[in-house]
Amino acid sequence: MAFSDDVNAFAAKVKRKQQALLVGTVELLHTSIVDGHAMTGAPGQPVDISTLKNSWQITFPDPNTAQTATNIIYAKPIEDGVGVYGPLTLRSKTGGFHSVKLTRAAWPKIVTHISWLNRGLA
């Protein structure tokens with residue numbers, strides 16, 4: 001095998017690992033925001049009729065970028081726990097406030113965890 005073949009094989013392996021890291025981290029990030037996760041401490045979205053919870057979508061605008069977002073106008077007040085008239089009262093038995101903030105704060109843990117899970121990826 002020529003040196004260039006070795007370099008090409010290595011580059012392909014790096015690309016596979018990079019893609020697995022991207023997909024894995026965005027999936028865990030999405031789960032943390034929507035359903036909550038012990039690693040991040042995020043409670044997930046409060047549920048009344050599941051509109052907000054079901055509105056969170058993962059998109060891949062390009063091969064190296066992933067996003068999870070919602071277009072629900074009241075998502076920010078629910079995230080912050082503050083509405084137009086002041087603090088909100090959480091009535092849902094599941095979920096809570098600050099899932100996005102807690103997930104973002106745990107980003108290094110998410111990346112480390114997914115990297116560890118993918119360590120043996122060929």
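Definitions and cut-offs
Residues numbered from 1 in each chain as written. Predicted model: local features only at pLDDT ≥ 70, side-chain atom pairs only at ≥ 80, totals over all residues. Heavy atoms only, no water. Helix = DSSP H or I, 4+ residues; strand = E, 2+ residues; numbered from the N terminus. Rg over C-alpha atoms; globule rule 2.2 N^0.38 Å. Buried < 20%, exposed > 50% of the residue type's maximum accessible area, 1.4 Å probe, protein only. Contact = heavy atoms within 4.5 Å. Axes fitted to C-alpha atoms, helices over the stretch in contact; angles between N-to-C directions. Parallel < 35°, antiparallel > 145°, perpendicular 65-115°, else oblique. Left-handed = near helix turned anticlockwise from the far one by under 90°. Nonpolar A, V, L, I, M, F, W, Y, C, P; charged D, E, K, R; others polar. 1 Å grid on protein atoms, 1.4 Å probe; cavity = no way out; pocket = protein on both sides within 12 Å on 5 of 7 lines; lining within 4 Å. Points joined across faces, edges and corners; volume = space filled by probe spheres on them. Pairing = 2+ DSSP bridges. Expected span 1.5 Å × (residues − 1). Core = buried A, V, L, I, M, F, W, Y, C linked by side-chain atoms within 4.5 Å.

## Section: the overall build of the protein
Point 1. When you go through the protein residue by residue, the secondary structure sums to five helices and four strands.
Point 2. Ordering the α and β elements of the protein from the N terminus gives α-α-β-β-α-β-β-α-α.
Point 3. The C-alpha radius of gyration of the protein comes to 18 Å, more than 25% above the 14 Å expected for a compact globule of 122 residues.
Point 4. Overall, the protein is about 70 × 25 × 20 Å in size when its C-alpha atoms are taken along their principal axes.
Point 5. For the protein, with 122 residues in total, the buried portion stands at 29%.
Point 6. In the protein, the proportion of contacts linking residues at least 24 apart, taken out of those at least 6 apart, comes to 56%.

## Focus: the packing of helix H1 (residues 3–35) against helix H5 (residues 107–117)
Point 1. Closest axis-to-axis distance for the H1/H5 pair is 9 Å, and the angle between their directions is 130 degrees. The pairing of H1 with H5 is recorded here as oblique in orientation. Classified by chirality, the crossing of H5 by H1 is right-handed. Contact residues: H1 offers Ala-20, Leu-21, Gly-24, Thr-25, Leu-28 and Leu-29, while H5 offers Trp-107, Ile-110, Val-111, His-113, Ile-114 and Ser-115.
Point 2. Grouping the constituent residues of the contact of H1 with H5 by class yields eight nonpolar, four polar and no charged.

## Observations concerning the layout of surface pockets
Point 1. Reported here for the largest pocket is a volume of approximately 450 Å³.
Point 2. Pro-46, Asp-48, Ile-78, Thr-89 and Arg-91 are the residues nearest the centre of the largest pocket, which is lined by 17 residues in total.
Point 3. For the lining of the largest pocket, the secondary-structure elements that each account for two or more residues are helix H2 (51–55) and helix H3 (75–80).
Point 4. Grouping the constituent residues of the lining of the largest pocket by class yields 11 nonpolar, four polar and two charged.

## Description of the pairing of strand E2 (residues 65–69)
Point 1. Direction of pairing for strand E1 (residues 57–62) relative to E2: antiparallel, over a ladder of four bridges. Following the sheet pairing, Thr-59 is matched in E2 by Gln-67.

## Considering H1
Helical geometry: 3.6 residues make up each α-helical turn, so side chains three or four residues apart lie on a common side.
Point 1. With 33 residues, H1 ought to run about 48 Å at 1.5 Å a step, and its terminal C-alpha atoms sit 47 Å apart, in line with that.
Point 2. Here H1 has its buried residues at Leu-22, Gly-24, Thr-25, Val-26, Leu-28, Leu-29, His-30, Ser-32, Ile-33 and Val-34.
Point 3. The first or second residue beyond H1 is Gly-36, which carries a positive phi of 90 degrees.

## Brief notes about the nonpolar core
Point 1. Counting eight residues, the largest nonpolar core is built from Leu-29, Ile-33, Val-34, Leu-52, Trp-56, Ile-72, Ala-75 and Ile-78.
Point 2. For this core, the elements supplying multiple residues, two or more each, are H1 and H3.
Point 3. Here this core gets three residues from one element, more than from any other, and that element is H1.
Point 4. If we ignore the near neighbours within four places in the chain, the residues touching Leu-52 are Gln-45, Thr-70, Ile-72, Tyr-74, Ala-75 and Ile-78.

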